[in-house]
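# An overview of the molecular structure
Here is what each chain is made of, one letter per residue.
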Amino acid sequence: MPRAKVPPANRLRAQEACLACRTTKKRCSGTFPCSKCIKAGKADSCVPGKRKDNYLAPQHQENGLSSTSAPDHVDEAPYTTNWNTLVDTLHYSAYPVSHGSVKSTVDPGSPEAPHKTHPRMLRNLEGERVYVGRAASLSFLQLLRDTVTQHIGPSQFSHNVKSEDMLETEAPHDIPLTMEGGANSTRLKDFIRAYHIATSGFIHILSDAENFEMANDSGQGKDQKTKRALRDLIIAIGAQSSKSDPDAVQTERYFFARGQHSAFDTMLENPSLEMVRLFLLMSFYMLGACRRNAAFMYIGVAARAAMALGLHLNDSGAISVSEQHQRVRAWMSLCVLDLLVSSILGRPPATVALRTETPGNPLIMKPQEYRIEESLFASFCMSQVLDEIIVRLYSNKAASTETAESVLEKLKRWSDDLPESLLTSPPNECESNTAQVHIIGSLHIACSYHFAVIIITRPFLISVLGVRLAQLHRPSEMAPDGVLHEDPAHAKLAVACTDSALYMIQTCMEVHHSGLLLGNMCILKAFVFAAALILGFFLFSKNEPDSVLEEAFNGALEILQTLSLQSAQAAHYYEIISFLRSAIIEQRQQLTQQMHQNKSRYVSKLFSLHYRRPTADAAENSVASVDDNPDMLPENALNIWSFMGPAEINSALPGWDGMELPLWDSFPFAGESFQLPDKVGESSSIFDE
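Here is what the cut-offs are and how they apply
Residues numbered from 1 in each chain as written. Predicted model: local features only at pLDDT ≥ 70, side-chain atom pairs only at ≥ 80, totals over all residues. Heavy atoms only, no water. Helix = DSSP H or I, 4+ residues; strand = E, 2+ residues; numbered from the N terminus. Buried < 20%, exposed > 50% of the residue type's maximum accessible area, 1.4 Å probe, protein only. Contact = heavy atoms within 4.5 Å. Areas by Shrake-Rupley, 256 points an atom, 1.4 Å probe, with all protein chains shown as cover. Salt bridge = Lys/Arg side-chain N within 4 Å of Asp/Glu carboxyl O. Axes fitted to C-alpha atoms, helices over the stretch in contact; angles between N-to-C directions. Parallel < 35°, antiparallel > 145°, perpendicular 65-115°, else oblique. Left-handed = near helix turned anticlockwise from the far one by under 90°. Nonpolar A, V, L, I, M, F, W, Y, C, P; charged D, E, K, R; others polar. Core = buried A, V, L, I, M, F, W, Y, C linked by side-chain atoms within 4.5 Å. Domains from an automatic or database assignment. Phe/Tyr/Trp six-rings, centres within 6.5 Å; stacked < 30°, edge-to-face > 60°. Lys NZ or Arg CZ within 6 Å of the ring centre and 35° of its normal. Pairing = 2+ DSSP bridges. UniProt positions renumbered as here; feature names shortened; annotations may be inferred. Disulfide = S-S within 2.5 Å. pLDDT = per-residue confidence, 0-100. Expected span 1.5 Å × (residues − 1). Patch = residues over 30% accessible without salt bridge, like charges linked within 9 Å, V, L, I, M, F, W, Y side chains within 5 Å.

This part takes up the overall build of the protein chain. Along the backbone of the protein chain there are 20 helices and eight strands. A burial count over the protein chain gives 51% of its 689 residues as buried. Taking as baseline every contact in the protein chain between residues at least 6 positions apart, the subset at least 24 positions apart corresponds to 73%. Total accessible area on the protein chain stands at roughly 33,000 Å², and carbon and sulfur atoms take up 53% of it.

Take the pattern of salt bridges next. This model, assessed by the stated rule, comprises 13 salt bridges. Of the charged contacts in the structure, one is a salt bridge between D190 and R193, with a shortest N-O distance of 2.1 Å. Taken together, the positions of D190 and R193, both in helix α5 (residues 185-198) and three residues apart, correspond to about one turn of that helix. A salt bridge links E550 to R588; the nearest nitrogen and oxygen atoms lie 2.5 Å apart. Of the two residues, E550 sits in helix α17 (residues 547-563) while R588 sits in helix α18 (residues 568-597), which places them 38 residues apart along the sequence. In this structure E550 comes out as partly exposed when scored by relative accessible area, which is 22%. In the salt-bridge network here, residues are joined through shared partners; they are E210, K227, E274 and R277.

The next subject is the packing of helix α4 (residues 137-152) against helix α16 (residues 524-540). The contact between α4 and α16 brings their axes to 11 Å, and the two run at 20°. Taken together, the axis directions place α4 and α16 in an arrangement best described as roughly parallel. Handedness of the crossing formed by α4 with α16: left-handed. Of α16, the residues touching α4 (which contributes S137, F140, L141, L144, T147, V148, H151 and I152) are F529, A530, L533, I534, F537 and F540. Considered class by class, the residues forming the contact of α4 with α16 number eleven nonpolar, three polar and no charged.

What follows deals with the nonpolar core. One finds I203, L281, L337 and I389 to be the most contacted residues of the largest nonpolar core, which totals 161 residues. Per element, the largest residue contribution to this core is 17 residues, and it comes from helix α14 (residues 432-472). In terms of domain composition, this core takes at least three residues from each of domain 2 (123-163 + 396-474 + 484-597) and domain 3 (185-354). Apart from the residues within four sequence positions on either side, I203 is in contact with Y195, L280, L281, F284, S333, L337 and L376. The next biggest cluster of nonpolar side chains, apart from the first, holds seven residues, and it includes A17, C28, C34 and C37.

A separate point is the packing of aromatic side chains. A ring pair, where both rings are aromatic, is described by two values, the distance of the centres and the angle of the planes. As enumerated under the stated definition, the model contains nine aromatic pairs in all. Between F264 and Y298, the ring centres sit 6.1 Å apart and the planes meet at 55°, which makes this aromatic pair tilted. Of this pair, F264 sits in helix α8 (residues 246-264) while Y298 sits in helix α10 (residues 292-309); the two residues are 34 residues apart in sequence, bridging distant segments of the chain. For F264, a relative accessible area of 39% gives the class partly exposed. Residue class for Y298 comes out buried when judged on its relative accessible area of 12%. Put simply, the rings of F264, F279 and Y298 pair up and form one aromatic cluster. Residue placement shows R347 over the ring face of F296; its charged tip is 4.9 Å from the ring centre.

All right, on to the packing of helix α12 (residues 374-394) against α14 then. Across the interface, α12 lies against α14 with an axial gap of 10 Å and an inter-helix angle of 10°. The angle between α12 and α14 places the two elements in the roughly parallel class. Counting all contacts with α12, which are made through S375, A378, S379, M382, L386, I389, I390, L393 and Y394, the residues of α14 involved are I445, S448, Y449, A452, I455, I456, R458 and P459. Taken together, the residues that form the contact of α12 with α14 break down as 13 nonpolar, three polar and one charged.

Pairing between strand β4 (residues 120-123) and strand β5 (residues 129-132): four bridges, direction antiparallel. Paired with R123 across the bridge in β5 is R129. Between β4 and β5, which pair antiparallel one after the other, the connecting turn spans five residues, and G127 there sits at a positive phi close to 85°.

UniProt tags residues 449-470 and 522-540 as "transmembrane region" (unreviewed entry). As a span, residues 449-470 carries 100% helix and 0% strand, and end to end its C-alpha atoms are 31 Å apart. Secondary structure across residues 522-540 divides into 89% helix and 0% strand, with the first and last C-alpha atoms of the span separated by 28 Å.

Further remarks concern unusual backbone geometry. Phi at C290 takes a positive value of approximately 60°, unusual for a residue other than glycine. With respect to the secondary-structure elements, C290 resides in the loop between α9 (273-288) and α10.

All right, on to the state of the cysteines then. Applying the stated criterion to the full structure yields zero disulfides. Of all cysteine sulfurs, the one in C21 lies closest to C28, which takes part in no disulfide; the gap is 3.9 Å.

A separate point is the side chain of Q569. Relative to the helices and strands, Q569 is located in helix α18. On the basis of relative accessibility, which here comes to 3%, the residue Q569 falls in the buried class. Aside from chain neighbours lying at most four places away, what touches Q569 is L167, C290, R292 and K525.

Time to look at the confidence of the model for the protein chain. In low-pLDDT segments, the atomic positions of the prediction should not be examined closely. Averaged over all residues, the pLDDT of the protein chain equals 75, while 69% of them reach at least 70. Low pLDDT (under 50) marks residues 52-110, which in the prediction has 133 contacts with non-local residues, meaning those over four places away or in another chain.

This next bit is on α16. For α16, built from 17 residues, the straight-helix expectation of 24 Å at 1.5 Å per residue is met to within 8% by its first-to-last C-alpha distance of 24 Å. In terms of burial, α16 is a largely internal element, 17 of the 17 residues being buried.

Attention now moves to a nonpolar patch on the surface. Judged by side-chain polarity, L606, F607 and L609 come together as a nonpolar surface patch covering roughly 410 Å² of accessible area. Note on placement: L609 falls in the loop between α18 and α19 (637-642). Judged by relative accessible area, L609 falls into the exposed class, the value being 61%.

This part takes up the environment of V464. Mapped onto the elements of the fold, V464 is located in helix α14. What makes V464 buried here is its relative accessible area of 1%.

Here it is in structure tokens:
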């Protein structure tokens, strides 16, 4: 009976096979040297085979800022991504092997790092495909998963069942229609204070007079409806950010539903400043509610309304001073949140087209003129650099070191111009709530800066660590020293990437240990996740511990675990980083075992109570047998048996070939029986989900 046809989306094919596999028509792993040539002892002669067709023509012509269609390389079903191809381009395709050597093809005169991260299409709650760009942490996560799979095989980190989902939460259905007994005024004031802490450094849209009105619920006049909607959303954000309790959750849902209803009630018909502010707040709330696509769309509505109102211009004609200040604050807040959300998701910013209109741009104004918080002004100036990062570094096929250094220099000038108040803790005599607003605002600015550096330098870190991993796993017979080369310019930028991730986590840990973090930090959790992936990738490429980086990596896990109590997104991030930690441990165990095996070619361990020496055919699968206690099976051994056919199992059990005994029969040993389980696949191991 012929084999069932495999759908194209489910086929795992290497993009390029070696000459030996192509000649013998065997399946090739696509690496150079490939696994079959290494096993056959022909690693030094394993070279890519030439094709007559144009299959290897460039396939990734998409522009991260302008592409609106699904990339061709994205598959429909989970785990069908051709990870062999993607990971091979990470390490070996850039370093073609010839006569046992691996050399970099990067031209020293123009050291560019080709982008190894690619745009992805993930599923939302409704099953629709949504776009995530190459600059997103989720795209880097997929590349890291492919790398881990190549070096240690399948694991919970690399084959998580949720890897193709956007992993957003559903809208709550149990929204209270009324607040029983009314809301406690003292509690509502606490939520308003929590709002100012949560948005510090990102959003500043209220004047001092409006802050007083919100705190005292004294909105009057014809704008009472819009003021009420603003107050509802502010309370909802504050309740969402506060330490969770049942009353806070109900308050959050009730006030957000009421504010959202007011925002959609005839406000979309005519753009207004209130409409911009309402949709900006709803976007921030949606980020905390783990509904990032809704947040992205709400920012788009706010940006279009801002464009219609000309908020990006400093037109002071026929506008009062107070209204002019409101317009500038709303525009700056919109730009900051827009660039942060777009860079996290790798999507085009909604305000990017408006930033080129320099006449009267608020960027050249002093924050004191518009009574703008120093933290918001600093974030706005930094967002201009973040915009340039996405445009200049991720719109091309490769990242140029010259461009990266140029943008890093702009960030350096920005950091040098920061006021001293944003670089130090508040005075001791400062009131506790004011001090917390100040500290969280400074934390947000610092993390935004480190996040920008990570995005700039990440392509070069991928390039450098790809070389190091190739060196780490290179077979000993390929061993002349110096055949793998790191580009010096890439290495410097890779150090900056790792240092930035380290500094971010250290800063967050200081604030976390001081007890000043809120229960839900909607932007901070994405920053910590991005930094943790960088640290995890670096640790995965090392065969010895690094106490400083491991402390920071564990600190990121601690922060995400704390935030996971109220955030489903943080819980998912925590799960991913936990699996990555397990992959790092497994990688080091394999390297240690490999080191012991390669220590001497003249002597080996002959006898063990717990392990059977594998035959040559079974060595590749690392199959070991054990004594008469099935509970003593090595980790993953049961799963390895379950992946083998009868012929392979017979070859792994020398001396039993001609006995023709049933595979699962019992054999008496000293009055007891040894029997493999009936359902081997149900054993517990890291391969099981």
